[in-house]
Amino acid sequence: MKIKISATYEGKCSICKKKSIVFTAGDEDTHRTVSICKDCAAELGDADTASVIEKHGKVDKEPFKEGVKITGKGTAG
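Everything numeric in this text was worked out from a predicted model, so none of it was measured.

(A) Main features of a nonpolar patch on the surface. A contiguous nonpolar surface patch, about 290 Å² in accessible area, is contributed by Met-1, Ile-3 and Ile-5. Counting through the fold element by element, Ile-5 comes out in strand β1 (residues 3–5). Residue class for Ile-5 comes out exposed when judged on its relative accessible area of 56%.

(B) Representation of unusual backbone geometry in the model. Here the phi dihedral of Lys-17 falls at roughly 70°; this positive angle occurs in a residue that is not glycine. Tracing the backbone shows Lys-17 in the loop between β2 (9–12) and β3 (19–27).

(C) Focus on the nonpolar core. Of all hydrophobic cores here, the largest spans 9 residues; its members are Cys-13, Val-22, Ala-25, Val-34, Ile-36, Cys-37, Cys-40, Val-52 and Ile-53. Listed by contribution, the elements that provide at least two residues to this core are β3, β4 (32–37) and α2 (49–56). Here this core gets 3 residues from one element, more than from any other, and that element is β4. Excluding residues within four positions of it along the chain, Ile-36 makes contact with Cys-13, Ile-15, Ile-21, Val-22, Phe-23, Ala-41, Leu-44 and Val-52.

(D) Local environment of the pattern of salt bridges. For the structure shown, the criterion picks out 4 salt bridges. The partner of Lys-2 in a salt bridge is Glu-28, with the nearest N and O atoms 3.7 Å apart. With Lys-2 in the segment before β1 and Glu-28 in the loop between β3 and β4, the pair connects residues that are 26 residues apart, well separated along the chain. What makes Glu-28 partly exposed here is its relative accessible area of 23%. In this structure, Lys-4 and Glu-28 form a salt bridge, with 3.1 Å as the shortest nitrogen-oxygen distance. In this pair, Lys-4 sits in strand β1 while Glu-28 sits in the loop between β3 and β4, placing the two residues 24 residues apart along the sequence.

What counts, and where the lines are drawn
- Residues numbered from 1 in each chain as written.
- Predicted model: local features only at pLDDT ≥ 70, side-chain atom pairs only at ≥ 80, totals over all residues.
- Heavy atoms only, no water.
- Patch = residues over 30% accessible without salt bridge, like charges linked within 9 Å, V, L, I, M, F, W, Y side chains within 5 Å.
- Areas by Shrake-Rupley, 256 points an atom, 1.4 Å probe, with all protein chains shown as cover.
- Salt bridge = Lys/Arg side-chain N within 4 Å of Asp/Glu carboxyl O.
- Helix = DSSP H or I, 4+ residues; strand = E, 2+ residues; numbered from the N terminus.
- Buried < 20%, exposed > 50% of the residue type's maximum accessible area, 1.4 Å probe, protein only.
- Core = buried A, V, L, I, M, F, W, Y, C linked by side-chain atoms within 4.5 Å.
- Contact = heavy atoms within 4.5 Å.

Shown next as C-alpha cells:
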C-alpha cells in the first residue's frame, strides 16, 4: 500500500461528517481516500493510516489525477 497525504484544507470529515479543517489520506493502489479533522485524528490516536483508510475510506480517483508540474528556473518546459 502506497499512501499519499494532502495538506490541510477546509472540507468535510469522513468520520464525524463535520465541516472543518481536514487532511486527506489515500491509497494509490485502491484509490480509497479518507478526510480527517483534528478531533477525529486525536481520537484515532496511534491507529495506523492504512487501517483508517480501509475502514472509513471511499473510492475517489480525483485526488490521484496528475496535477500541475512546476519546473525550475532556466528549465525548458
